[in-house]
Amino acid sequence: MYLASKYEEIIPLKLKFIEERITHGKITAEQIKEIEEILITTLKFWVGAPTEIEFSKFLVQELLIREVGDFHAEKLHAMISYLGKLNLHNYEFLGISPSVQAAGSVYLALQLVEEQSFQENCKAFLTVLSEITGYRMELIENTSEKIMYQLQHFKTLYPGFSKLNTYGIEDVKAHLNSYMQYSMNILSFHSQISTFA
């Protein structure tokens, strides 16, 4: 916990606080330092790398700074967090870098949470995500489609993960249903156009 707080927190926990409040004196400050030294030497000082969530936060912040579309950052972060947790369970995603996953998750979350704004700014969102990350638009779209597939086939892909399925799933289902309705309307529209051609 001490090492993690140094890595993640803006103001890391004090060693004395951990000794007194968290371990209640059962582990001394010296023992905590020894364990920390063992951990970081075992890991050869390679303590961590940016995760999908960290990349996602950065991407959303950039979208806000660049004023691309109108969206609710809190709802977006909640959806991205859910999608990120879902991605952790998919073996296929081990071969996809966290920054690519983040771009796909942000793009999909924009589709699910910000339907109206997304429809109006779809190309702008994708263009800016591509500019920020340096990834091709097709890669971001393909990644978001893989994540969407996970959402649509959750029960068959993850039969034993009912707790993950309940994590904010009502909001996800509502967004997913309206997205599916939107997709069906688009498909219907395209099929009507093709019959006229």
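Refer to the structure printed above.
Procedures and definitions
Residues numbered from 1 in each chain as written. Predicted model: local features only at pLDDT ≥ 70, side-chain atom pairs only at ≥ 80, totals over all residues. Heavy atoms only, no water. Helix = DSSP H or I, 4+ residues; strand = E, 2+ residues; numbered from the N terminus. Expected span 1.5 Å × (residues − 1). Buried < 20%, exposed > 50% of the residue type's maximum accessible area, 1.4 Å probe, protein only. Arc of directions from axis to C-beta. Core = buried A, V, L, I, M, F, W, Y, C linked by side-chain atoms within 4.5 Å. Salt bridge = Lys/Arg side-chain N within 4 Å of Asp/Glu carboxyl O. Patch = residues over 30% accessible without salt bridge, like charges linked within 9 Å, V, L, I, M, F, W, Y side chains within 5 Å. Areas by Shrake-Rupley, 256 points an atom, 1.4 Å probe, with all protein chains shown as cover. 1 Å grid on protein atoms, 1.4 Å probe; cavity = no way out; pocket = protein on both sides within 12 Å on 5 of 7 lines; lining within 4 Å. Points joined across faces, edges and corners; volume = space filled by probe spheres on them. Contact = heavy atoms within 4.5 Å.

Comments concerning helix α4 (residues 52–65)
Since the α-helix packs 3.6 residues into each turn, any two residues three or four apart lie on the same face.
1) Next: The end-to-end C-alpha distance of α4, which contains 14 residues, comes to 20 Å, matching closely the 20 Å that a straight helix rising 1.5 Å per residue would cover.
2) Next: For α4, the full list of buried residues reads Glu-52, Ser-56, Leu-59, Val-60, Glu-62 and Leu-63. Angular distribution of buried residues about the axis of α4 spans 160 degrees; they occupy a single face of the element.
3) Next: After α4 finishes, the residue Glu-67 shows a positive phi value of roughly 55 degrees.

Examining the nonpolar core
1) Next: Counting 33 residues, the largest nonpolar core has Leu-83, Val-106 and Leu-151 as its most contacted members.
2) Next: Elements supplying a minimum of two residues to this core: α4, α5 (73–88), α6 (98–113), α7 (115–133) and α8 (137–152).
3) Next: Examining the composition of this core, we find that ten residues originate from one element, α6, more than from any other.
4) Next: One finds Tyr-2, Leu-15, Ile-18 and Ile-32 within the second-largest nonpolar core, a separate group that totals five residues.

Thoughts on the pattern of salt bridges
1) Next: For the structure shown, the criterion picks out four salt bridges.
2) Next: Between Glu-30 and Lys-33 there is a salt bridge, with the nearest N and O atoms lying 3.7 Å from each other. Of this pair, Glu-30 and Lys-33 both sit in helix α3 (residues 29–42), separated by three residues, roughly a single helical turn.
3) Next: In this structure Lys-33 comes out as partly exposed when scored by relative accessible area, which is 39%.

Points about a nonpolar patch on the surface
1) Next: Together, Met-1, Phe-17 and Ile-22 make up an exposed nonpolar region whose accessible area comes to about 300 Å².
2) Next: Of note, Met-1 is situated in the segment before α1 (2–8).

Focus on the layout of surface pockets
1) Next: In this structure, the largest pocket encloses a volume near 250 Å³.
2) Next: Along its surface, the largest pocket is lined by 14 residues, and Glu-52, Gly-84, Asn-87, Leu-88 and Gln-101 are the ones closest to its centre.
3) Next: Of all the secondary-structure elements, those providing two or more residues to the lining of the largest pocket are α4, α5 and α6.
4) Next: With five residues, α5 is the largest single contributor of residues to the lining of the largest pocket.

Regarding unusual backbone geometry
1) Next: The backbone of His-24 sits at a positive phi, close to 55 degrees, despite the residue not being glycine.
2) Next: Position of His-24 among the secondary structure elements: in the loop between α2 (15–22) and α3.
3) Next: Take His-24: its relative accessible area is 60%, and that puts it in the exposed class.

Some words on the environment of Ala-73
1) Next: Considering the arrangement of structural elements, one finds Ala-73 in helix α5.
2) Next: On the basis of relative accessible area, Ala-73 is assigned to the partly exposed category, the value being 21%.
3) Next: Along the sequence, Ala-73 and Glu-114 sit 41 residues apart, while their C-alpha atoms lie 10.0 Å from each other.
4) Next: Every residue in contact with Ala-73, bar those within four places of it in the chain, is listed here: Val-60 and Leu-64.

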